[in-house]
Amino acid sequence: MFYYVLKYVLLGPLLRLLFRPRIEGLEHIPDEGGAIVAGNHLSFSDHFLMPAILKRRITFLAKAEYFTGPGLKGRLTAFFFRSAGQIPVDRSGKEAGKAAIREGMGVLAKDELLGIYPEGTRSHDGRLYKGKVGVAVMAIKAQVPVVPCAMVGTFEIQPPGQTIPRIRRVTIRFGEPLDFSRYAGLENEKAAVRAVTDEIMYAILGLSGQEYVDRYAAEAKAEEAELAKAEQAKKFPRLHR
């Protein structure tokens, strides 16, 4: 219930007024039945802008940290995500991927829209990174179409680390649904799920026009953090002894 209050009364109209999103390819979202909307992930704002313009309700698998943050901000964030029907997923540990797939399959089993960011985390530099195969496993097992989506301009309005977004126009672009029925029964085959994932990422790339990096975003972030730490150690060696 509160999802629709946010969408049509509180948050949705405000977002459409402030960011005036250009919407392309909305007709590619099926009117009914389960489907996956797989998009790039450039900004915290992505969580709000896409649901605001879709006619159907969409449920995202959100990282568990959004539900456990400290202080007033943490409580407000958790309240919003719970009220919007988003599902917390613990991304740590070996069982994280299985838990995400299980939760996602539950959404699709109810013939609903599932939103997922195959990169697994926000891009820290605006580039598109290698997709994780969970999206492919769900698409094959549930036998549902995958609609690629590109958020364009959201990195510029709210890059990682920026709390208040800039007020600029953004574009939300949907591509034609991808059918992976030819892979039925192959959700446990590594080559098959990798091929499906890469096809999805290629479709997103075609819509977004981003530079593509053939490695996982989390790995790239960790490497850059280590390099930055090493540079700091060189500049201020006494602080890092």
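To be clear, the structure that these remarks concern was listed above.
Source: prediction; values computed, not measured. (Residues numbered from 1 in each chain as written. Predicted model: local features only at pLDDT ≥ 70, side-chain atom pairs only at ≥ 80, totals over all residues. Heavy atoms only, no water.)

Draft legend 1. Broad picture of the packing of helix H6 (residues 134–142) against helix H8 (residues 190–208). Put simply, H6 and H8 touch, their axes get as near as 8 Å, and they point 105 degrees apart. Considering the angle they form, H6 stands roughly perpendicular to H8. Residue-level contacts link Val135, Ala136, Val137 and Ile140 of H6 to Val193, Val196, Thr197 and Ile200 of H8. Split into classes, the residues belonging to the contact of H6 with H8 amount to 7 nonpolar, 1 polar and no charged. (Axes fitted to C-alpha atoms, helices over the stretch in contact; angles between N-to-C directions. Helix = DSSP H or I, 4+ residues; strand = E, 2+ residues; numbered from the N terminus. Parallel < 35°, antiparallel > 145°, perpendicular 65-115°, else oblique. Contact = heavy atoms within 4.5 Å. Nonpolar A, V, L, I, M, F, W, Y, C, P; charged D, E, K, R; others polar.)

Draft legend 2. Quick peek at the sheet that holds strand S1 (residues 22–24). On the basis of which strands lie adjacent, the open sheet formed by 7 strands has the order S1-S8-S7-S2-S5-S3-S4 and mixed pairing. A single partner strand is all that each edge strand has here, and the edge strands are S1 and strand S4 (87–89). Direction aside, the axes of adjacent strands within the sheet are offset by 25 degrees on average. Lying over the sheet, helix H3 (residues 46–53) contacts S1, strand S2 (35–39), strand S3 (58–63), strand S7 (146–152) and strand S8 (171–174), oriented at roughly 65 degrees with respect to S8. Together, S2, strand S5 (113–116) and S7 form the strand contacts of H6, whose direction differs from that of S2 by roughly 160 degrees. (Pairing = 2+ DSSP bridges.)

Draft legend 3. Spotlight on the packing of aromatic side chains. As enumerated under the stated definition, the model contains 3 aromatic pairs in all. Aromatic pair Phe60 and Tyr117: ring centres 5.3 Å apart, planes at 20 degrees, arrangement stacked. Linking Phe60 in strand S3 with Tyr117 in the loop between S5 and strand S6 (128–129), this pair joins segments that are 57 residues apart in sequence. Just as Phe60 is buried, Tyr117 falls in that class too. Pairing Phe180 with Tyr183 gives two aromatic rings, centres 6.3 Å apart and planes at 55 degrees, and the pair type is tilted. Using a relative accessible area of 1% as the deciding quantity, one classes Phe180 as buried. Judged by relative accessible area, which is 16%, Tyr183 ranks as buried. (Phe/Tyr/Trp six-rings, centres within 6.5 Å; stacked < 30°, edge-to-face > 60°. Buried < 20%, exposed > 50% of the residue type's maximum accessible area, 1.4 Å probe, protein only.)

Draft legend 4. Looking closely at the pattern of salt bridges. Applying the stated rule across the entire model yields 6 salt bridges. The residue Glu24 makes a salt bridge to Arg173 at a minimum N-O spacing of 2.6 Å. One end of the pair, Glu24, is in strand S1; the other, Arg173, is in strand S8, and 149 residues separate them in sequence. Through salt bridges with shared partners, a single network forms among Asp125, Arg127 and Glu211. (Salt bridge = Lys/Arg side-chain N within 4 Å of Asp/Glu carboxyl O.)

Draft legend 5. Broad picture of the pairing of S2. In terms of burial, S2 is largely enclosed, as 5 of its 5 residues are buried. Of the two faces of S2, the one lined by Ala35, Val37 and Gly39 and the one lined by Ile36 and Ala38 are each fully buried. When S2 meets S5, the two strands line up parallel, connected through 4 bridges. In the strand pairing of S5, Ala38 is matched with Ile116. Where S2 meets S7, 4 bridges bridge the pair, whose relative direction is parallel.

Draft legend 6. Fine view of unusual backbone geometry. The phi dihedral of Asp111 falls on the positive side, at around 60 degrees, and the residue is not glycine. Position of Asp111 among the secondary structure elements: in the loop between helix H5 (96–109) and S5. Overall, the relative accessible area of 48% leaves Asp111 in the partly exposed class. At Gln143, a residue that is not glycine, the phi angle is positive and equals roughly 55 degrees. Mapping Gln143 onto the fold places it in the loop between H6 and S7.

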